[in-house]
Amino acid sequence: MADVETDKGRARKRPRGGRAYGHGPAEAAERAWTPWLVPVLVVAFVAVFVVEMYVNNCPDHAQPFGRCFARFLHRFSFQPIRQNPLLGPSSSTLEKMGALQWIKVVHQNQGWRLVACVWLHAGLIHLLTNMFSLLFIGVRLEQQFGFVRIGVIYLLSGFGGSVLSALLLMNSISVGASGALFGLLGAMFSELIINWTIYSNRVTMYIFIGLVAALLTLLVIIIINLGIGLFPHVDNFAHIGGFVSGFLLGFVLLIQPRVGWMERDDLPPSAQVTSKYKAYQRVLWVIALLLLMAGFASSLVMLFRGVNGNDHCHWCRYLNCVPTSRWSCED
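In the nomenclature of an unreviewed UniProt entry, the chain corresponds to RHOMBOID-like protein from the organism Musa troglodytarum. Under the UniProt heading Catalytic activity (unreviewed entry), the note attached to the chain is "Cleaves type-1 transmembrane domains using a catalytic dyad composed of serine and histidine that are contributed by different transmembrane domains." In the Function (unreviewed entry) part of its UniProt record, the chain is described as follows: "Serine protease involved in intramembrane proteolysis."

(A) Local environment of the packing of aromatic side chains. Within the structure shown, the criterion is met by 9 aromatic pairs. Plain terms: the ring middles of Phe-247 and Phe-251 are 5.0 Å apart, the flat faces sit at 85° to each other, and that makes the pair edge-to-face. You can see Phe-247 and its partner Phe-251 sitting in helix H11 (residues 236-253), 4 residues apart, about one turn around the helix. Of the residues examined, Phe-251 reaches a relative accessible area of 6% and is grouped as buried. Ring pairing ties together the aromatic residues Phe-189, Phe-243, Phe-247 and Phe-251, which thus form one cluster. Cation over ring: Arg-75 sits above Tyr-54, and NZ or CZ is 3.8 Å from the ring centre.

(B) Spatial organisation of the pattern of salt bridges. Tallying each qualifying case throughout the model produces 2 salt bridges. Note that Lys-104 and Glu-95 form a salt bridge whose closest N and O atoms lie 3.6 Å from each other. Taking the relative accessible area as the measure of exposure, Glu-95 reaches 25% and is therefore partly exposed. Across the pair Glu-191 and Arg-140 runs a salt bridge, and its minimum N-O distance is 3.4 Å.

(C) Structural context of the UniProt feature "transmembrane region" (unreviewed entry) in the chain. Per the UniProt annotation, the sites labelled "transmembrane region" (unreviewed entry) are residues 36-55, 118-139, 151-169, 175-194, 206-231, 237-255 and 283-304. Segment residues 175-194 splits into 85% helix and 0% strand. End C-alpha atoms: 32 Å apart. Helix and strand shares over residues 283-304 are 100% and 0% respectively, and the end C-alpha atoms of the span are 32 Å apart.

(D) Local environment of the nonpolar core. Phe-45, Leu-134, Leu-141, Tyr-154, Leu-184 and Leu-303 are the most contacted members of the largest nonpolar core, which totals 52 residues. The set of elements that each furnish at least two residues to this core consists of helix H2 (37-56), helix H4 (102-106), helix H6 (124-145), helix H7 (147-168), helix H8 (178-194), helix H10 (205-228), H11 and helix H12 (279-304). The greatest single-element share of this core, amounting to 9 residues, is contributed by H8. With sequence-adjacent residues up to four places away left out, Phe-45 is seen in contact with Val-118, Trp-119, His-121, Leu-127, Met-131, Leu-134, Tyr-154 and Ala-177. By size, the runner-up hydrophobic cluster in this structure holds 7 residues, among which are Leu-86, Leu-94, Ala-99 and Leu-120.

(E) Structural context of the environment of Leu-290. Mapped onto the elements, Leu-290 comes out in helix H12. When its relative accessible area of 51% is taken as the criterion, Leu-290 is described as exposed. Placed 42 residues apart in sequence, Leu-290 and Leu-248 show a C-alpha to C-alpha distance of 9.4 Å.

(F) Quick look at the packing of H2 against H6. Contact pair H2 / H6: the axes reach a minimum separation of 9 Å and the direction vectors enclose 170°. As far as their axial angle goes, H6 and H2 are roughly antiparallel. Residues Leu-37, Val-38, Leu-41, Val-42, Phe-45, Val-46 and Phe-49 of H2 form the contact with H6, whose own contacting residues are Leu-124, Leu-127, Met-131, Leu-134, Leu-135, Gly-138, Val-139 and Glu-142.

(G) Seen up close, the state of the cysteines. Counted according to the given criterion, the structure contains 1 disulfide. One disulfide in the model links Cys-58 with Cys-68; its S-S distance is 1.9 Å. Disulfide Cys-58-Cys-68: the torsion about the S-S bond is -95°, which places it as left-handed. Separated by 10 residues along the polypeptide, Cys-58 in the loop between H2 and helix H3 (91-97) and Cys-68 in the loop between H2 and H3 bring together distant segments of the chain.

(H) Looking closely at H12. For H12, which comprises 26 residues, the first-to-last C-alpha distance of 38 Å matches the rise-based estimate of 38 Å (1.5 Å per residue) to within 8%. Along H12, the residues that are buried comprise Gln-281, Ala-288, Leu-292, Phe-296 and Leu-303. Tucked into the core, H12 has its buried residues touching H4, helix H5 (113-116), H7, H8 and H11. Gly-306 lies just past H12 and shows a positive phi near 80°.

(I) Structural detail: the packing of H7 against H11. H11 packs onto H7 with a crossing angle of 145° between their chain directions and a minimal axis gap of 7 Å. As for the relative orientation of H7 and H11, their crossing is right-handed in sense. Each of Arg-149, Val-152, Ile-153, Leu-156, Ser-157, Gly-160, Gly-161, Leu-164, Ser-165 and Leu-168 in H7 lies in contact with H11, whose residues at this interface are Phe-237, Ala-238, Ile-240, Gly-241, Gly-242, Ser-245, Gly-246, Leu-249 and Leu-253. A per-class count over the contact of H7 with H11 returns 10 nonpolar, 8 polar and 1 charged.

What counts, and at which threshold
- Residues numbered from 1 in each chain as written.
- Predicted model: local features only at pLDDT ≥ 70, side-chain atom pairs only at ≥ 80, totals over all residues.
- Heavy atoms only, no water.
- UniProt positions renumbered as here; feature names shortened; annotations may be inferred.
- Phe/Tyr/Trp six-rings, centres within 6.5 Å; stacked < 30°, edge-to-face > 60°.
- Helix = DSSP H or I, 4+ residues; strand = E, 2+ residues; numbered from the N terminus.
- Buried < 20%, exposed > 50% of the residue type's maximum accessible area, 1.4 Å probe, protein only.
- Lys NZ or Arg CZ within 6 Å of the ring centre and 35° of its normal.
- Salt bridge = Lys/Arg side-chain N within 4 Å of Asp/Glu carboxyl O.
- Core = buried A, V, L, I, M, F, W, Y, C linked by side-chain atoms within 4.5 Å.
- Contact = heavy atoms within 4.5 Å.
- Axes fitted to C-alpha atoms, helices over the stretch in contact; angles between N-to-C directions.
- Parallel < 35°, antiparallel > 145°, perpendicular 65-115°, else oblique.
- Disulfide = S-S within 2.5 Å.
- Expected span 1.5 Å × (residues − 1).
- Left-handed = near helix turned anticlockwise from the far one by under 90°.
- Nonpolar A, V, L, I, M, F, W, Y, C, P; charged D, E, K, R; others polar.

See the structure below:
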């Protein structure tokens, strides 16, 4: 561990009652991290969605796709299902509030949309799915690694997802925090890889089952979000870009959890040595950092040169939206 006490003479066996890392209850309580960033983000996303629906004001506009859905909500009612099956505003409202659109980013110098689109959601279903994922993933990571590292991963993953979206979505708009959330998912996977020597020494069957359950839950969340990404206005390219960014950032920022998270009995003997990191951790850190910098630099250069990613991948558009008789991918 990065800041585990290395003096073997001071190492003490933890009694069954549980004292983390040989510290007393008062010290353990002081080291415990109460997550606040993730709850604040959830409240902010809900507030922004309420503003979206207020600005949208479906009943006040003519609807070529039929009547507004849930008209009892009046100004906050949703666009017709055929136009937005995720129960949300129109594409024009999303565009007005900062949705990602290639032509506006590249040709109208509106680079701020690469960040603004992360705070918008295409509909209520989109919002609820993302908030569940954020609470499930983000709280655990913030407790384990603190709000600074998780906040950096969240923001940079969202930005990475937006950049990939802009390269591949030439004629559509994109919104959602899914790229940032997939970044946290990617960071969880890379964190398990780079810290495996710690987790592999947790030998009890209960903990092993817990790790397996966590991995299976992550896979379910990924599948659900990728499925939602096939609907209009939700962006699977952001999911992919965010996941790759977060996966690499996890190797860079999530080496070894904070002291208060693990208990002394769960630590491998190697955690008591003087050296902070193992050789394989250092190698992964360097490789991930180089790939991250190269990826961001090359993607931004391609974006602002106006490169169309679809010229190099003609079938990629079907990863983002599948047109049906009930909705269009172009609106």
